[in-house]
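Chain residues, written in single-letter form:
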Amino acid sequence: MIPRVLTVAGSDSGGGAGIQADLKTMLALGVHGMSVITAVTAQNSLGVQGAWELPVRAVRAQYRSVVDDIGVQAVKTGMLASAELVEAVAELISGTDAPAVVDPVGVSKHGDPLLAASALDSVRTKLLPAATVATPNLDEVAQLTGVRVESEDDLRRAAGAVLEFGPRWVLIKGGHLAGDAVDLLTDGAAEYRLRAPRHDNRHTHGTGCTLASAIASGLAKGLSVPEAVTEAKEYVTGAIAGGFALGAGIGPVDHGWRFRS
Ligand SMILES: Nc1ncnc2c1ncn2[C@@H]1O[C@H](COP(=O)(O)OP(=O)(O)O)[C@@H](O)[C@H]1O
Ligand SMILES: Cc1ncc(COP(=O)(O)OP(=O)(O)O)c(N)n1
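Residues numbered from 1 in each chain as written. Chains lettered and ligands numbered in written order. Predicted model: local features only at pLDDT ≥ 70, side-chain atom pairs only at ≥ 80, totals over all residues. Heavy atoms only, no water.

## Points about the UniProt feature "domain: Pyridoxamine kinase/Phosphomethylpyrimidine kinase" (unreviewed entry) in the chain
Feature annotation in UniProt assigns "domain: Pyridoxamine kinase/Phosphomethylpyrimidine kinase" (unreviewed entry) to the following positions: residues 12-254. Between the first and last C-alpha atoms of residues 12-254 the distance is 15 Å; the span itself is 39% helix and 19% strand. (UniProt positions renumbered as here; feature names shortened; annotations may be inferred. Helix = DSSP H or I, 4+ residues; strand = E, 2+ residues; numbered from the N terminus.)

Encoded structure:
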């Protein structure tokens, strides 16, 4: 049977990040993608013009509809907007027998907030402990732990600080550093550095969502965490190489790059 992956995230009207990026990634990687929408954003290549979260009961209902009938082999979480939604989703994924990839989305590439400041504590104490893999970027690491990553040498310290909150694995995304795009994956014992050449392409909208969804897709297929992250890194690197100049600002990555080569 086709592996089934559920994304619990916000909608990006521009189609580059959020639910739209997740479902495109899942299609490209050969799994059946399903969605629980937590919030709707009015968003394009220039930023986020508006955001509206859904009631907790609407999120719970979507989740139950999917999990209780269709079933899931992996869950990915993205934009959760508020403390109430973070806590509800943490409870839902904790009660589901499937690995969870938690992308602790804080702000968009343009600096627009996608999570209330009052929700940070719930992310630390409820959501991260429920994660099989947490995938913070450097801004999210700083927000959650206070650790500022200035160079590749700081990645291990950042990973240690996130692991303190209880995820089984952490992938620190070094995409915002200069030089090669280096990410660090560790469970506190094993450590992997995933390195890719930096593509000089400003059209990188949706990189984090794409990477996390690709990891969830690999886990749903039965890959180990290091295998799933390695395959996901290759996929997101190809998507960034093909990023589209759509709109006047930062365009989306190319989720369909493998269909074009
Ligand atoms: N210009 C780039 N070239 C190659 N890889 C990149 C580039 N920018 C980001 N990445 C990679 O994309 C993935 C997502 O990272 P990042 O952009 O930091 O996440 P986020 O979208 O959450 O800010 C990581 O694997 C990172 O190393
Ligand atoms: C609805 C929504 N969810 C998440 C994000 C952030 O996505 P990310 O992949 O980190 O991409 P950038 O915003 O950093 O380009 C979002 N923008 N919208």
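Still to come is the rest of the account.
## Quick word on the layout of surface pockets
Each pocket or cavity is described by its volume, and for the largest pocket that value is around 830 Å³. Lys109, His176, Thr204, Thr207 and Gly208 are the residues nearest the centre of the largest pocket, which is lined by 40 residues in total. Counting only elements with at least two residues in the lining of the largest pocket, the list comes to strand E1 (4-12), strand E2 (32-44), helix H5 (138-145), strand E8 (181-186), helix H7 (207-220) and helix H8 (225-241). Counted by class, the lining of the largest pocket contains 12 nonpolar, 18 polar and 10 charged residues. (1 Å grid on protein atoms, 1.4 Å probe; cavity = no way out; pocket = protein on both sides within 12 Å on 5 of 7 lines; lining within 4 Å. Points joined across faces, edges and corners; volume = space filled by probe spheres on them. Nonpolar A, V, L, I, M, F, W, Y, C, P; charged D, E, K, R; others polar.)

## A closer look at the site of ligand 2
Among the 15 residues in the neighbourhood of ligand 2, the closest are listed as Gln43, Lys109, His205, Gly208 and Cys209. At a separation of 3.1 Å, an oxygen atom of ligand 2 approaches a polar backbone atom of Lys109. In this structure, an oxygen atom belonging to ligand 2 sits 2.8 Å away from a main-chain N or O atom of Cys209. Placement of ligand 2 is best described as lying within the largest pocket. No other element matches the three residues that H7 contributes to the shell around ligand 2. For the shell around ligand 2, the per-class residue count stands at five nonpolar, nine polar and one charged. (Near = heavy atom within 4 Å. Polar contact = N/O pair within 3.5 Å; in protein donor to acceptor, adjacent residues only side chain to side chain. Sits in = over half its atoms within 2 Å of the grid points.)

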